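Structural description and commentary
Listed here are the chains, written in short residue letters.
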Amino acid sequence: MNIIKTLAVVAGLATALTSFATAQEGSVVGFSQIGSESGWRAAETSVTKQQAEERGIELKFADAQQKQENQIKAIRGFIARDVDAIPVAPVVATGWEDVLTEAKEAEIPVILLDRGVDAPEDLYLTSVASDQVKEGRVAGEWLVEAVGTEPCKVVELQGTVGSTPAINRKQGFEEAIAGHDNITIARSQTGDFTRAKGKEVMEGFIKAENGGADICAVYAHNDDMAVGAIRAIKDAGLKPGTDIKVVSIDAVPDIFAAMVAGEANATVELTPNMAGPAFDALAAYLKDGTEPEKFIITESKLYTPEDNPQGEYDTRKGLGY
Ligand code: AHR
């Protein structure tokens, strides 16, 4: 290729990249967030705001305080303002069809972030989320490996009732322990993804299970509930991580701090950066109508105390957490 041709190709590429990056510059996006129930959720909110700012997107933010009715109201408000797109983290799986149909009729693309919905797939542009069944399976497989053939009574702290992570993480964990008859789920209750509720429910489990002596492990659907459970275990005079194993999901800095202290055994990472892939997909769609993959799946990596928890804590602290 001669020099003129090379320059032309480079210039063309640069123009293409610029127009891709700026396809959404100046666009207005309405983000319906669930609330701030966990450290992970707070991180997702700040990463989304950063991602929007870097791309020149004007982000309208609505915190639903854990209520679906608030999310529906916010989405209707965004439709009335004729925003360019609506990312939504849906608190529960059901009850979205009407409002998503309204967005579709208004030709406003909806992007699901971190949780799914029970609604026809043509009502949203794409869904950026982890494979939540896999997350539960990874947590369960870790426990199967950790206990070997020893009998193990597990207590489970479920996420928000009716949310896809609560449903799927339960299913994945149960799949992993199926066939290992030494492992049983003795008790299972929602802790609503919060630290306070995780502690309260764990206190009840400990009381009901011989002061905690009969519990071998706690499986929490997120790290915040695990951190609450660790507090309850310590208050009962037991050692979390040793007397009662602790396995959870999210990989937030506080669970790495607990690992450093020997009080947590395993976590499965959920990236708080759902907005990056979502805005990339949106940019391509706004530019020339490119349809993204319907499901953009993020990674689910297992971390244990062997994986440099102090380093993980240091890296994550300040990354929006
Ligand atoms: O939907 C993702 C889950 O919601 C996170 O695991 C949890 O921390 C959160 O609140």
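Residues numbered from 1 in each chain as written. Predicted model: local features only at pLDDT ≥ 70, side-chain atom pairs only at ≥ 80, totals over all residues. Heavy atoms only, no water.

1. Structural notes on the domain arrangement of the protein chain
Note: interface size is frequently given as the accessible area lost on complex formation between the parts. The cut-off we apply is this: The domain limits used here are those given by an automatic or database domain assignment. Throughout, a residue-residue contact means that at least one pair of heavy atoms, one from each residue, lies within 4.5 Å. Buried area is a sum: the accessible area each of two parts loses on coming together, probed at 1.4 Å, counted once for each and added. We define a salt bridge as a contact between a side-chain nitrogen of Lys or Arg and a carboxyl oxygen of Asp or Glu at a distance within 4 Å. Pairs of N or O atoms within 3.5 Å make up the polar contacts considered here, provided that, within protein, one atom can donate a hydrogen while the other can accept it, and that residues adjacent in sequence are counted only when both atoms are side-chain atoms. Gly falls in the polar group here, along with every residue not listed as nonpolar (Ala, Val, Leu, Ile, Met, Phe, Trp, Tyr, Cys, Pro) or charged (Asp, Glu, Lys, Arg).
One can read the domain layout of the protein chain as domain 1 (3-130 + 272-299) and domain 2 (132-270 + 304-318). Computed from C-alpha coordinates alone, the two centres of domain 1 and domain 2 are separated by 31 Å. Every contact between the two is made by 15 residues of domain 1 and, on the other side, 17 residues of domain 2. Approximately 1200 Å² of surface area, both sides summed, lies buried where domain 1 meets domain 2, with 53% of it carried by carbon and sulfur atoms. On the surface where domain 1 and domain 2 come into contact, there are zero salt bridges. Inspection of the domain 1/domain 2 interface yields seven residue pairs in polar contact (both at pLDDT 80 or more). Grouping the amino acids of the side of domain 1 that touches domain 2 by side-chain chemistry returns six nonpolar, five polar and four charged.

2. Some details on the site of the ligand
Where we set the bar: Here, proximity means that at least one heavy atom of the residue falls within 4 Å of the molecule or strand. For the area figures, the Shrake-Rupley method with a 1.4 Å probe applies, and any residue is considered shielded solely by the protein chains shown. Buriedness for pockets is judged along seven lines, at least five of which must meet protein on both sides within 12 Å for an open set on the 1 Å grid over protein atoms alone, while cavities are sets there where a 1.4 Å probe fits but cannot get out, and lining residues have an atom within 4 Å of a point. Should more than half of a molecule's atoms lie within 2 Å of a pocket's or cavity's grid points, that molecule is taken to sit in it. Helix and strand assignments follow DSSP, with helices taken as H or I runs no shorter than four residues and strands as E runs no shorter than two, numbered in order from the N terminus.
The local shell around the ligand consists of Glu37, Ser38, Trp40, Arg41, Asp114, Arg115, Pro165, Arg169, Phe193, Asn222, Asp250 and Leu270. Separating an oxygen atom of the ligand from a side-chain N or O atom of serine 38 is a distance of 2.9 Å. At a separation of 2.6 Å, an oxygen atom of the ligand approaches a polar side-chain atom of aspartate 250. Considering the ligand on its own, with 280 Å² of exposed area, one finds that the protein chains cover 100% of that surface. Given that more than half its atoms are within 2 Å of the pocket grid, the ligand belongs to the largest cavity. Every element with two or more residues in the shell around the ligand is listed here: helix H2 (39-54) and helix H6 (164-177). In terms of residue class, the shell around the ligand is made up of four nonpolar, two polar and six charged.

3. A look at unusual backbone geometry
What counts, and what does not: Working definition: with a 1.4 Å probe on protein chains only, accessible area under 20% of the residue-type maximum means buried, over 50% means exposed, and in between means partly exposed.
Although it is not a glycine, glutamine 65 adopts a positive phi angle of roughly 50 degrees. Inspection of the secondary structure puts glutamine 65 in the loop between strand E2 (58-63) and helix H3 (68-80). According to the relative accessible area criterion, glutamine 65 is exposed, its value standing at 53%. Even without being glycine, aspartate 192 reaches a positive phi, approximately 55 degrees. Judged by relative accessible area, which is 31%, aspartate 192 ranks as partly exposed.

4. Side note on the packing of helix H7 (residues 195-208) against helix H8 (residues 223-235)
The description of two helices packed together rests on the angle between their axes and the distance between the axes. The line we're drawing: Helix axes are fitted only over the stretch in contact, all axes being lines through C-alpha atoms; the angle between N-to-C directions runs from 0 to 180 degrees. Here is the rule for angles: anything less than 35 degrees is roughly parallel, anything more than 145 is roughly antiparallel, 65 through 115 is roughly perpendicular, and the remaining ranges are oblique. Crossings are assigned a handedness: left-handed for a near helix turned anticlockwise from the far helix by less than a right angle, right-handed for a clockwise turn.
At their nearest, the axes of H7 and H8 sit 7 Å apart, and the two run at 45 degrees to each other. As the angle between them shows, H7 and H8 are arranged oblique. By crossing handedness, the relation of H7 to H8 is classed as right-handed. Between H7, through Arg195, Gly198, Lys199, Met202, Glu203 and Ile206, and H8, the contact on the second element is made entirely by Asp224, Met225, Val227, Gly228, Ala229, Arg231, Ala232, Ile233 and Asp235. In terms of residue class, the contact of H7 with H8 is made up of seven nonpolar, two polar and six charged.

5. Some details on the sheet that holds strand E9 (residues 245-250)
Under the convention used in this document: In this scheme, strands are said to pair when DSSP sees at least two bridges between them.
Strand order in this open sheet of six strands is E7-E6-E8-E9-E10-E12, and the pairing throughout is mixed. The sheet is open, and its two edges are formed by strand E7 (183-190) and strand E12 (302-303), each paired on a single side. One ladder, built from four bridges, connects strand E6 (residues 152-158) with strand E8 (residues 217-220); its direction is parallel. Directly across from valine 154, in E8, lies its bridge partner alanine 217. Those strands touched by H6 are E6, E7, E8 and E9, and its axis lies near 170 degrees from that of E7. The sheet contacts of helix H9 (residues 253-260) involve E9, strand E10 (266-269) and E12, and relative to E10 the element is tilted by about 155 degrees.

6. Side note on the state of the cysteines
Disulfide: a covalent bond formed between the sulfur atoms of two cysteine residues. Operational definition: What counts as a disulfide here is a pair of cysteine sulfur atoms lying within 2.5 Å.
Counted according to the given criterion, the structure contains one disulfide. With its sulfur 2.0 Å from that of its partner, cysteine 152 forms a disulfide with cysteine 216. The sign of the -85 degrees torsion about the S-S bond sets the cysteine 152-cysteine 216 disulfide as left-handed. In this pair, cysteine 152 sits in strand E6 while cysteine 216 sits in the loop between H7 and E8, placing the two residues 64 residues apart along the sequence. Here cysteine 216 falls in the buried class, since its relative accessible area comes to 14%.

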